[in-house]
Amino acid sequence: MKIVHTPAELRAALSPFQSPAFVPTMGNLHDGHLDLVRQAVPLGDVTVASIFVNRLQFGPNEDFDTYPRTLQADCDKLAEAGCHVVFAPNERDLYPEAQTFTVAPDQALANILEGHFRPGFFTGVCTVVMKLFQCVFAESKGPRHALFGKKDYQQLMVIRRMVEQFALPISVVGGETQRAADGLALSSRNGYLSPTERAEAVQLSQALRQLAHAARALPQTAGFADAVMALEHDAVQALNRRGWRTDYLTVRRRRDLQQPAPGDEMVVLGASRLGATRLIDNLEF
Ligand code: PAF
């Protein structure tokens, strides 16, 4: 496995290949990322992962400085999972000057949920992903694949929309969320949890499961939207009574993450803080 740092080194490493399959990450890898890499291997003639903690997607009070940087351990795991090329730029490699051109996503999709609680987050994500796509795919001629986890459900939808709207010749593949034995979705931020918080953390996925179950049981009638809102309210109160500080627990239709109507395919999404750690999760139903 090759490890390269600059866009020029990456292009040189990829020049013999036609069809990269690409997994962008911010490092501190867990089995969710490695599962994406394993899925990527058969999709292209070279498997590429990037490791870059992207300052643009962090708010001023977020964990950019403390986000775990574990390059050597990550590279060992990537090699084991079958990755061929790791692109690990430093900030100057990817942003040699202040990034004043940005990719502003569709507001209806990107200013709700995560975008509401983390203003500018999806602009930061889209900007870096567009730039990473340029670095990885610019020279390739065959099918191009990029893989993102469903754990970041809204991010996956925003990226899909960006790829469609800019007519990028890239197939976006969503990988299923990987979970610990108790049901907690794997996340790089789980490492911030104390042992007591780790034992409690499963309550987020349980709250989502119960909310999905209750929403599925609702009569598909005119009062559906109000009944969903009442269920969401009760779910937030129940989680907060356990000491969480919840940003949202909500039922949405899958296709655009707006309020669902009877008959829509749905997803429940949640974001909540346990101590200093903000966790997100979702379940399609
Ligand atoms: O999901 C992530 O790890 C990041 O948002 C991504 C897609 C690598 C962009 O920095």
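That block above? That's the structure.
Residues numbered from 1 in each chain as written. Predicted model: local features only at pLDDT ≥ 70, side-chain atom pairs only at ≥ 80, totals over all residues. Heavy atoms only, no water.

1. A closer look at the layout of surface pockets
Logical step 1: One number sums up the size of the second largest pocket: a volume of about 230 Å³.
Logical step 2: Together, 17 residues line the second largest pocket, and Ile-51, Phe-52, Val-53, Arg-69 and Pro-89 are the ones closest to its centre.
Logical step 3: Per-class residue counts for the lining of the second largest pocket are nine nonpolar, five polar and three charged. (1 Å grid on protein atoms, 1.4 Å probe; cavity = no way out; pocket = protein on both sides within 12 Å on 5 of 7 lines; lining within 4 Å. Points joined across faces, edges and corners; volume = space filled by probe spheres on them. Nonpolar A, V, L, I, M, F, W, Y, C, P; charged D, E, K, R; others polar.)

2. Quick look at the site of the ligand
Logical step 1: With respect to spatial proximity, the complete set of residues near the ligand consists of Pro-24, Thr-25, Met-26, Asn-54, Gln-57, Val-125, Val-128, Phe-148, Asp-152 and Gln-155.
Logical step 2: The contact in question runs from an oxygen atom of the ligand to an N or O atom on the side chain of Gln-57, over 2.7 Å.
Logical step 3: When the free accessible area of the ligand is taken as 290 Å², the share hidden by the protein chains comes to 89%.
Logical step 4: The set of elements that each furnish at least two residues to the shell around the ligand consists of strand E2 (20-25) and helix H7 (121-137).
Logical step 5: Counted by class, the shell around the ligand contains five nonpolar, four polar and one charged residues. (Near = heavy atom within 4 Å. Polar contact = N/O pair within 3.5 Å; in protein donor to acceptor, adjacent residues only side chain to side chain. Areas by Shrake-Rupley, 256 points an atom, 1.4 Å probe, with all protein chains shown as cover. Helix = DSSP H or I, 4+ residues; strand = E, 2+ residues; numbered from the N terminus.)

3. Concerning the sheet that holds strand E8 (residues 266-274)
Logical step 1: Taken together, three strands build an open sheet; the order of strands is E7-E8-E9 and the sheet is antiparallel. Strands at the two margins of the open sheet, each flanked by one partner only, are strand E7 (245-253) and strand E9 (277-284). The sheet shows a mean angle of 10 degrees between the axes of neighbouring strands, taken without regard to direction.
Logical step 2: In terms of strand pairing, E8 meets E9 through eight bridges, oriented antiparallel. Paired with Leu-269 across the bridge in E9 is Asn-282.
Logical step 3: The sheet strands contacting helix H9 (residues 195-216) are E7, E8 and E9, and the helix crosses E9 at an angle near 35 degrees.
Logical step 4: Packing against the sheet, helix H10 (residues 224-241) makes contact with E7 and E8, and its axis sits at approximately 155 degrees to E7. (Pairing = 2+ DSSP bridges. Axes fitted to C-alpha atoms, helices over the stretch in contact; angles between N-to-C directions. Contact = heavy atoms within 4.5 Å.)

4. Some thoughts on the side chain of Ser-187
Logical step 1: Following the sequence through the fold, Ser-187 ends up in the loop between strand E6 (171-175) and H9.
Logical step 2: When neighbours within four sequence positions are excluded, Ser-187 is seen to be in contact with His-30 and Lys-151.

5. So, H9
Logical step 1: Helix length check: H9 (22 residues) gives 34 Å between terminal C-alpha atoms against 32 Å at 1.5 Å per residue, within 8%.
Logical step 2: By the burial criterion, the buried members of H9 are Glu-200, Ala-201, Val-202, Gln-203, Leu-204, Ser-205, Ala-207, Leu-208, Leu-211, Ala-212 and Ala-215.
Logical step 3: Residues of H9 that are buried make contact with H10, E7, E8 and E9. (Expected span 1.5 Å × (residues − 1). Buried < 20%, exposed > 50% of the residue type's maximum accessible area, 1.4 Å probe, protein only.)

6. Structural notes on unusual backbone geometry
Logical step 1: Its identity as a non-glycine residue notwithstanding, Leu-113 has a phi of 50 degrees, on the positive side.
Logical step 2: Along the chain, the position of Leu-113 falls in the loop between helix H5 (107-110) and helix H6 (114-117).
Logical step 3: Judged by relative accessible area, which is 6%, Leu-113 ranks as buried.

7. Points about the environment of Arg-11
Logical step 1: With respect to the helices and strands, the residue Arg-11 is situated in helix H1 (residues 7-14).
Logical step 2: Relative accessible area serves as the criterion here: at 31%, Arg-11 is assigned to the partly exposed category.
Logical step 3: Dropping the residues within four chain positions of it, Arg-11 is found in contact with Gln-134, Cys-135, Ala-138 and Glu-139.

8. A word on the sheet that holds strand E4 (residues 85-87)
Strands in a sheet are paired, the pairing made by backbone hydrogen bonds, and the direction either parallel or antiparallel.
Logical step 1: Pairing is parallel across the open sheet formed by six strands, whose spatial order is E1-E4-E3-E2-E5-E6. With one partner strand each, in any of the chains shown, strand E1 (2-4) and E6 form the two edges of the open sheet. The average angle at which neighbouring strand axes cross in this sheet is 25 degrees, direction not considered.
Logical step 2: Most of the contacts of H1 go to E4, to which it runs at about 165 degrees, and overall it touches E1, strand E3 (46-51) and E4.
Logical step 3: This element, helix H2 (residues 31-40), spans E2, E3, strand E5 (145-149) and E6 of the sheet and lies at about 170 degrees to E2.

9. Some points on the packing of H1 against H7
Logical step 1: For the pair H1 and H7, interaxial distance at closest approach is 8 Å and the crossing angle is 40 degrees. The orientation of H1 relative to H7 falls into the category oblique. In this structure, H1 contributes Pro-7, Leu-10, Arg-11 and Leu-14 to the contact, and H7 contributes Gln-134, Cys-135 and Val-136.
Logical step 2: Class assignment for the residues of the contact of H1 with H7 results in five nonpolar, one polar and one charged. (Parallel < 35°, antiparallel > 145°, perpendicular 65-115°, else oblique.)

10. Some remarks on empty space enclosed by the protein
Logical step 1: In this structure the tally under the stated criterion is one cavity of 30 Å³ or more.
Logical step 2: There is about 40 Å³ of room inside the largest cavity.
Logical step 3: Around the largest cavity, the lining residues are Lys-151, Leu-184, Ala-185, Ser-187, Asn-190, Leu-204, Leu-279, Ile-280 and Asp-281.
Logical step 4: Ranked by residues supplied to the lining of the largest cavity, first place goes to E9 with three residues.
Logical step 5: Here the lining of the largest cavity is composed, by residue class, of five nonpolar, two polar and two charged.

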